[in-house]
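Okay, here's what each chain looks like letter by letter:
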Amino acid sequence: MMLVLSGEGPSDLGQCQHANGMCSGTDFMPGPLTVMLDQLLEVFLGYRPVELDRGCVCFVPKAELLRRQNERKQGRRVSLVGKKRDQETGHFFHNAWTLGCIALEQESARNDRGIAVLHRDSDPTTSSKSAEWASKFKSMHDGFLRAGYDRGVAMLPKPISEAWLLCASRNGAVNCAALEEESGNPSAANPLKNQLAEALGEEKSAAGLSEWLNSVVFDKDRALSMPSFARFYEPLQDAITKAM
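Residues numbered from 1 in each chain as written. Predicted model: local features only at pLDDT ≥ 70, side-chain atom pairs only at ≥ 80, totals over all residues. Heavy atoms only, no water.

J.: How should the state of the cysteines be read in this particular structure?
T.: Note on terminology: disulfide describes a covalent bond linking the sulfur atoms of two cysteines. The final tally for this structure, using the stated rule, is 2 disulfides. Between the sulfur atoms of C167 and its disulfide partner C176 the distance amounts to 2.2 Å. Taking the sign of the S-S torsion, 90° for the link of C167 and C176, the bridge is right-handed. Across the pair, C176 and C167 agree in class, each one buried. Counting only the cysteines that take part in disulfides, in the order they occur along the protein chain, gives the pairing 1-2, 3-4. With no disulfide partner, C101 has as its closest neighbouring cysteine sulfur the one in C58, 13 Å distant. (Disulfide = S-S within 2.5 Å. Buried < 20%, exposed > 50% of the residue type's maximum accessible area, 1.4 Å probe, protein only.)

In structure tokens, the structure reads:
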């Protein structure tokens, strides 16, 4: 089974070691959320596909995703943003639409099936209102469907991915759901990135976060108390079932 991934940067799903479009194999450097995804996939597959073989991954950097998106716009095959889809949620929609198209191309080229995961932070500066988060999530879901791809998964941590990682750093019975109400704004009194650094004893690089998460077991049951994680995990289960 293959994975088609696209995120914001190295500290979430990862990055390519070169700047020439998509990458796979050893050119792909997994980020902490890919390590988390790999652990979740092990529950269904009995092994960690990324850990076993990075060749199963097709990683699409955000810049490449936008390039492909602009190519489609120039071909006038893109729906205009209207009253039902504003500029911001339209961005999420078109990102997912483009990634879904890439996933279909890659599956055909590799003669394989898999899943596509698109990561976006719902709001890097503050805690998003529930209605705003839901609108962005739906836009990503609808974008995958517009591409005709039914194994696309929206990964939209609330407010940023550090909330999920901070949940993973805490042992025992903790209220991970409350982390979604914390601020991702670096100017806040105690932003999530600072809380994560404090929990881990230092501010880790993207590679350091991946190494740390590889050394722990991501507790999905505790993470499921976070609404944004639960909304990611449910479609993930469905997509994996369809791909197997």
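That shown, we press on.
J.: Got a minute to help me understand the packing of helix α1 (residues 32-45) against helix α10 (residues 227-243) in this structure?
T.: Between α1 and α10, the shortest axis-to-axis distance is 11 Å and the interhelical angle comes to 50°. Taken together, α1 and α10 sit at an angle that is classed as oblique. For the crossing formed where α1 meets α10, the hand is right-handed. Counted together, M36, L37, L40, L41 and F44 of α1 and F229, F232, Y233, L236, Q237 and I240 of α10 form the full contact between these two elements. Residues of the contact of α1 with α10, tallied by class, amount to 10 nonpolar, 1 polar and no charged. (Axes fitted to C-alpha atoms, helices over the stretch in contact; angles between N-to-C directions. Helix = DSSP H or I, 4+ residues; strand = E, 2+ residues; numbered from the N terminus. Parallel < 35°, antiparallel > 145°, perpendicular 65-115°, else oblique. Left-handed = near helix turned anticlockwise from the far one by under 90°. Contact = heavy atoms within 4.5 Å. Nonpolar A, V, L, I, M, F, W, Y, C, P; charged D, E, K, R; others polar.)

What is shown is where atoms sit, not what they do.
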